[in-house]
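Reading the structure
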Amino acid sequence: NLKFSGVLFNFFVSIFLYFLIYKFRFSVYGILFVFLFTGFFGYCTGCIISSILLKSNNYYVVTMALSTTGLLFLLLSAYTLFSRKNFNFLNGFIFISFILLIFIIVVNIFFSFSILHLIITYFIIVFSSAVILYETSEMIYNGETNYILVTISLYCAIYNIFISFLGVFNSD
């Protein structure tokens, strides 16, 4: 019960900080809230990584997740840049995938199937990869001018990929 309340607290703090970032996206305060948002997520990530390292001393799990995430981000960004393709068509896929992810996660909360957890993990990687393609394309080819929102979107996509790879590489 205490663990669930911690998850809820992190969820509500994240939503609150994201709301503040969106509200102040055109001002200097938006950058301050970006720093608070990334710092809060960094703190949460530190707790996750330390629990992985304390439980099994699997430093290679963190290294593999970090290097795979970095490589995936670089490859997706390079593909967007060098293919000169506009990935604006992924907008509908991203929206439908988000709704589907929320539904599957809620189903998994009540039924807790291990195969469903694995499907969610891989689907988050695909979803976040699509977000990286879309946001990078928006920034390069469609003249996205609000870099605060692009930064947060890319950060959340990279964060989700990293956490998902941690789960994949740490599974027993």
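1. A look at unusual backbone geometry
Backbone geometry at R84 places phi at a positive 55 degrees, although glycine is not the residue there. Position of R84 relative to the elements: it lies in the loop between α3 (59-83) and α4 (90-111). Residue R84 is classed as exposed on the basis of its relative accessible area, which comes to 69%. At S112, a position not held by glycine, the phi torsion is positive, near 50 degrees. With respect to the secondary-structure elements, S112 resides in the loop between α4 and α5 (114-141).

2. A look at the packing of aromatic side chains
Summed over all chains, the structure comprises 16 aromatic pairs. Taking 4.8 Å as the distance between ring centres and 75 degrees as the angle between the ring planes, the aromatic pair formed by F41 and Y159 counts as edge-to-face. Taken as a pair, F41 in helix α2 (residues 28-56) and Y159 in helix α6 (residues 147-170) lie far apart in primary sequence, 118 residues in all. Both rings, one in F111 and one in F113, keep their centres 6.2 Å apart while their planes meet at 10 degrees; by these two values the pair is stacked. Given a relative accessible area of 54%, F111 falls into the exposed group. In this structure an aromatic cluster arises from ring pairing among Y18, F37, F40, F41, Y155 and Y159. Here the basic side chain of K23 rests over the ring of F24, its NZ or CZ set 5.6 Å away from the ring centre. The ring of Y22 is capped by R25, whose NZ or CZ atom sits 4.1 Å from the centre of that ring.

Analysis parameters
- Residues numbered from 1 in each chain as written.
- Predicted model: local features only at pLDDT ≥ 70, side-chain atom pairs only at ≥ 80, totals over all residues.
- Heavy atoms only, no water.
- Helix = DSSP H or I, 4+ residues; strand = E, 2+ residues; numbered from the N terminus.
- Buried < 20%, exposed > 50% of the residue type's maximum accessible area, 1.4 Å probe, protein only.
- Phe/Tyr/Trp six-rings, centres within 6.5 Å; stacked < 30°, edge-to-face > 60°.
- Lys NZ or Arg CZ within 6 Å of the ring centre and 35° of its normal.

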